Each structure stands twice: as structure tokens, then as C-alpha cells.
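One-letter residues, chain by chain:
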Amino acid sequence: MNLELQMIGTGSAFAKTYFNNNALLRDGGFTLLIDCGVTAPLALHRLGKSFSDVDAVLITHIHADHVGGLEELAFKMKYTFKRKIKLYIAESLTSILWEHSLKGGLYQEGEITKLADLFEVCPLVSNQPFSISENIRLELIPTKHIPGKQSYSLYINDRIFYSSDMVYNPELLNHLVHERGCGLIMHECQLEGRGEVHTTLDELKKLPASIRSITYLMHYGDNKDDYIDKTDGMTFIEQGRIYKL
């Protein structure tokens, strides 16, 4: 079965025209939400969907544009839909997510005191593929972002690279394409400025043409349209569009 991917948002952390860079990955009757940022509830609403349409959520790292919507997700699941949703997250990030991001808003004495009170927590080990549905197999790949903060990109079904926020890493991209059979790259893209904690468009344009031709750009700024014909063969992912993978 072909997978479907729909970006509910394609924007950078500070974009206002575009929602946070979060995605729905569908396998028939199973839907995975990749990251759940501040704008995720509104983004889903604009697409005629809600958290009730999601079977599991995967978090790549702990920044508000990737986890800021989890408080609403947790409350809606507990009190409206009355079920626990699966939460896939790197094992090393589980306590950080609760203690540093969610506890302040979600804690209720005697009722909600830990992640497991709200989610079916599924801790993951990096660089070890795991199956989350009949046709979705994922691998967490550690990628550098903010110094001292763990961040993980995804390798999906041994053929699709979905980047989290990350600094430019051409060695990884070349390895995935030439050694592991990657045929599609969905990569974050900072359109302007230096790539101190993100990958810039100018850096991605240094990739060989064969890799640029399979690279789709996301996590971009509100001035994306100014760069439509300036990507050297790479394609901007469209917010809301459904892609067959």
C-alpha cells in the first residue's frame, strides 16, 4: 500500500503565513502525526480534521513548534475522546518532555502526574528501525540542531528521509542515497541567513543535481514565494497537499 503524507504546516518556527512544520503520515486506516506544534490544532481544523483523526504522535525534538500543541492534544484525548494516544519519542527525551515542557500545564495532583497518565508512551532507541503499523517502518536518526539539545530526523520505510530541524549534513544525505537506497528527501530549509542551527537553501544547492532532484523543501519562511525559481531543481512542499509516497 502506498503511504500518504500531508503537511498540516510547512512553516519555520516564526512563520506567520504558514503553520508549524507538522505532518500527517497515513497508512490506510492508521494515521501518525509527526510533531505537534503550537499551531497543530488550528492547522488540523483548517483541513477539516481534529485530534480524533490521529492514532499516534511522534515527536522529533523539544521545541514549541514541534511540541507546543501536545497539551491540547492530551486534554482532548483524556476528556473529550477518552482514550490514550500512542506517543513515540526517543527514550532519552521522555523525562525532558514532561519535566521541561508539559508538566506545568498538564499536572493535576492525584490524576495527572506523568506522561503515562495521558499517553501510551512508546520510547524509541535511535538507529533501530521499528514498525508502528503494517506498512509504516521508522528509524530515528540523530541530527544536530541546537547545541546540547537532542534532535532526531526520520528514515521512513528504508527509502524516505524526513528531516527534523538540523544543520547541513551532506555526508548523511549522500550516505542515505548511495548506501541505503533513499529515493526521496523531505528537508527543512532556511531561506536566508547563516545556517547556524538550520540548513540553508544555499547549502542545499551545493548538493549534487541527482540528490537535489529528489529533495523537497519544508520548514521555510513566509517569503517562500520569492524563491520559487531559485532552488536549483528542488521543490517546495505545499501545505495541505496530499502526497503519495
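This one's a predicted model, so the numbers in the text were calculated from it and none came from an experiment.

(A) Region of the structure containing the sheet that holds strand E1 (residues 4–7). Taken in spatial order, the seven strands line up as E6-E5-E4-E3-E2-E1-E14 in an open sheet, and their pairing is mixed. Each edge of the open sheet is held by one strand with a lone partner, namely strand E6 (119–124) and strand E14 (242–244). For this sheet the average axis-to-axis angle between neighbouring strands, irrespective of direction, equals 25 degrees. Where helix H3 (residues 70–81) meets the sheet, its contacts fall on strand E4 (56–58), strand E5 (85–90) and E6, and the angle it forms with E6 comes to roughly 135 degrees.

(B) Looking closely at the packing of aromatic side chains. Under the criterion given, the structure shown has four aromatic pairs. Their ring planes at 90 degrees and their centres at 5.1 Å tell us that tyrosine 18 and tyrosine 220 sit as a pair that is edge-to-face. With a gap of 202 residues between them, tyrosine 18 in the loop between E1 and strand E2 (23–27) and tyrosine 220 in the loop between strand E12 (215–218) and strand E13 (235–236) connect regions that are remote in the sequence. By the burial criterion, tyrosine 18 is buried, and tyrosine 220 matches it. On the basis of an interplanar angle of 85 degrees and a centroid distance of 5.3 Å, the ring pair of tyrosine 220 and phenylalanine 236 is categorised as edge-to-face. Of this pair, tyrosine 220 sits in the loop between E12 and E13 while phenylalanine 236 sits in strand E13, placing them 16 residues apart in sequence. Summarising the burial analysis for this pair, tyrosine 220 and phenylalanine 236 share the class buried. Members of the aromatic cluster, each reached through a chain of ring pairs, are Tyr18, Tyr220 and Phe236. Across the ring face of tyrosine 227, the terminal group of lysine 230 is positioned such that the distance to the ring centre comes to 5.8 Å.

(C) Here's a closer look at the side chain of threonine 199. Relative to the assigned elements, threonine 199 resides in the loop between strand E11 (184–188) and helix H6 (201–204). A relative accessible area of 0% means that threonine 199 is categorised as buried. With near-sequence residues (within four places) excluded, threonine 199 lies in contact with Met166, Val167, Tyr168, His187, Glu188, Cys189, Gln190 and Leu204.

(D) Quick look at the pairing of E2. In terms of burial, E2 is largely enclosed, as five of its five residues are buried. Of the two faces of E2, both are covered, the one formed by Ala23, Leu25 and Asp27 as well as the one formed by Leu24 and Arg26. In terms of strand pairing, E1 meets E2 through four bridges, oriented antiparallel. Paired with glutamate 4 across the strands is arginine 26, a residue of E2.

(E) Highlighting the pairing of E6. Sheet topology note: the E5/E6 ladder contains six bridges and is parallel. Among the inter-strand pairings, isoleucine 89 is bridged to a residue of E6, identified as proline 123. Note that the unit made of E5, helix H4 (residues 94–106) and E6 has a crossover that is right-handed.

(F) Main features of the sheet that holds strand E10 (residues 160–162). The sheet built from seven strands is open, its strands ordered E7-E8-E9-E10-E11-E12-E13 with mixed pairing. The sheet is open, and its two edges are formed by strand E7 (130–133) and E13, each paired on a single side. Across two bridges, E12 lies against E13 in parallel orientation. By the bridge assignment, tyrosine 216 is partnered in E13 with threonine 235.

(G) The arrangement of the pattern of salt bridges in detail. Evaluation of the coordinates by the stated rule reveals ten salt bridges. For aspartate 158, the salt bridge identified is with arginine 180, shortest N-O distance 3.8 Å. In this pair, aspartate 158 is assigned in the loop between strand E9 (152–156) and E10 and arginine 180 in helix H5 (residues 170–180), connecting sequence segments 22 residues apart. Here aspartate 158 falls in the partly exposed class, since its relative accessible area comes to 40%. Across the pair lysine 224 and aspartate 225 runs a salt bridge whose closest N-O atoms are separated by 3.2 Å. Among the residues examined, lysine 224 registers a relative accessible area of 11% and is labelled buried. Shared partners join several salt bridges into a network, and the residues in it are Glu4, Arg26 and Lys244.

Thresholds, definitions, all that
- Residues numbered from 1 in each chain as written.
- Predicted model: local features only at pLDDT ≥ 70, side-chain atom pairs only at ≥ 80, totals over all residues.
- Heavy atoms only, no water.
- Pairing = 2+ DSSP bridges.
- Helix = DSSP H or I, 4+ residues; strand = E, 2+ residues; numbered from the N terminus.
- Axes fitted to C-alpha atoms, helices over the stretch in contact; angles between N-to-C directions.
- Contact = heavy atoms within 4.5 Å.
- Phe/Tyr/Trp six-rings, centres within 6.5 Å; stacked < 30°, edge-to-face > 60°.
- Buried < 20%, exposed > 50% of the residue type's maximum accessible area, 1.4 Å probe, protein only.
- Lys NZ or Arg CZ within 6 Å of the ring centre and 35° of its normal.
- Right-handed = clockwise from strand over helix to strand, strands pointing away.
- Salt bridge = Lys/Arg side-chain N within 4 Å of Asp/Glu carboxyl O.

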